Amino acid sequence: MAETDKKVAVISGATSGIGKLLAEKFRADGYAVCNLARSCDGEGDNYKCDVSDEAQVNAAVEKIAEKYGHVDILVNNAGVGISGATELLPIADIKKVIDVSYFGALYLTRACLKYMGAGARIIFMSSISALTVTPFHSVYCSAKAAEQMLGLSLRMELSHTGIEVVCICPGEIRTEFSANKLVHTETSERYGERVRKAYELAVSRNGKRMDPEKIIGKIYKICVRGKKAMYIIGGKYKAFYRLKKLTSENFFLNMTNKFASGGLHKPPKKQ
């Protein structure tokens, strides 16, 4: 028989980083936390599942529904980072990033919606990269932007149902996510040292990234009570986004290119 008296939070990728910290917050608040990840051991509420596989997602959510009967909060947290020159990235890695970040969120949301009613909440753990772009991160930025648009559109589609949809866009956080991203520093005459320099710049910022312990409380409050369509986490990232809205696209792209890839690079003169 389903344990219908329990509040249920479903989180993808809650075995590390922000997902793990959120799971701890939900448990402390009385939720049954169901974690879906490939690294799960399959015991208890840890469901071994590749979120990029629709059949696995549906099977895991059916087990959750059989046990609890409903889903109160879904946090689409699973994601894969990638960096490198777009032209040179392996297609298999590109597909992996999009499959996990976008299709994983799509599959899990569709599966959980069957067991959600008024008062339920869907959270898309997006990224500042969904709103601002950086060189040699085109695939990650576009995958997170697609996930963001999915969330915002669903917010409108579900507006009459009492189901709240919220997108959270954190800036850079000091977690295992950055260390585990797919890194490709291969280059060609077209890009020279820019690919490697951009990666080295990103690594050098690790100490300046936000401490997850200091922001997890705010993220958790947004997950359970946030009403706005979108939240940006991190003061400097909010300022960065405001600057984007106040300047021309060319100015913003040139400025970002300068700081993210080691300086502006003028195109060669036409022969």
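Preceding block: the structure.
Residues numbered from 1 in each chain as written. Predicted model: local features only at pLDDT ≥ 70, side-chain atom pairs only at ≥ 80, totals over all residues. Heavy atoms only, no water.

**A short note on the pairing of strand S6 (residues 121–125)**
Residues in a regular strand point their side chains to alternate faces of the sheet.
Here's step 1: Most of S6 is tucked away, with five of its five residues classed as buried.
Here's step 2: Note: strand S4 (residues 73–76) against S6, four bridges, orientation parallel. Its bridge partner lying in S6, Val75 is registered against Ile123.
Here's step 3: In the classification by handedness, the crossover that spans S6, the intervening helix H4 (residues 138–157) and the parallel strand S7 (residues 164–170) is right-handed. (Buried < 20%, exposed > 50% of the residue type's maximum accessible area, 1.4 Å probe, protein only. Helix = DSSP H or I, 4+ residues; strand = E, 2+ residues; numbered from the N terminus. Pairing = 2+ DSSP bridges. Right-handed = clockwise from strand over helix to strand, strands pointing away.)

**Side note on a nonpolar patch on the surface**
Here's step 1: The grouping of Val183, Tyr199 and Val203 at the surface amounts to a nonpolar patch, some 210 Å² of accessible area in total.
Here's step 2: Among the structural elements, Val183 can be located in strand S8 (residues 182–183).
Here's step 3: On the basis of relative accessibility, which here comes to 32%, the residue Val183 falls in the partly exposed class. (Patch = residues over 30% accessible without salt bridge, like charges linked within 9 Å, V, L, I, M, F, W, Y side chains within 5 Å. Areas by Shrake-Rupley, 256 points an atom, 1.4 Å probe, with all protein chains shown as cover. Salt bridge = Lys/Arg side-chain N within 4 Å of Asp/Glu carboxyl O.)

**Comments concerning the sheet that holds strand S2 (residues 31–37)**
Across a sheet, strands are paired by hydrogen bonds formed along the backbone, either parallel or antiparallel in direction.
Here's step 1: What the seven strands build is an open sheet, ordered S3-S2-S1-S4-S6-S7-S9; its pairing is parallel. Since the sheet does not close on itself, it has two edges, and those belong to strand S3 (46–48) and strand S9 (230–233), each with one partner. Across this sheet, the average inter-strand angle for adjacent strands is 15°, counted without regard to direction. (Axes fitted to C-alpha atoms, helices over the stretch in contact; angles between N-to-C directions.)

**Focus on the packing of aromatic side chains**
Here's step 1: For the structure shown, the criterion picks out six aromatic pairs.
Here's step 2: Seen from their ring centres, Phe26 and Tyr31 are 5.0 Å apart, and the 80° between their planes marks the pair as edge-to-face.
Here's step 3: An angle of 45° between the planes, with centres 5.0 Å apart, marks the rings of Phe240 and Phe252 as tilted. Of this pair, Phe240 sits in helix H8 (residues 235–246) while Phe252 sits in helix H9 (residues 249–260); the two residues are 12 residues apart in sequence, bridging distant segments of the chain.
Here's step 4: On the accessibility criterion, Phe240 (26% relative accessible area) is partly exposed.
Here's step 5: Ring-pair connections join several aromatic residues into one group, and the members of that group are Phe26, Tyr31 and Tyr220. (Phe/Tyr/Trp six-rings, centres within 6.5 Å; stacked < 30°, edge-to-face > 60°.)

Keep in mind these numbers describe shape, not what the thing actually does.
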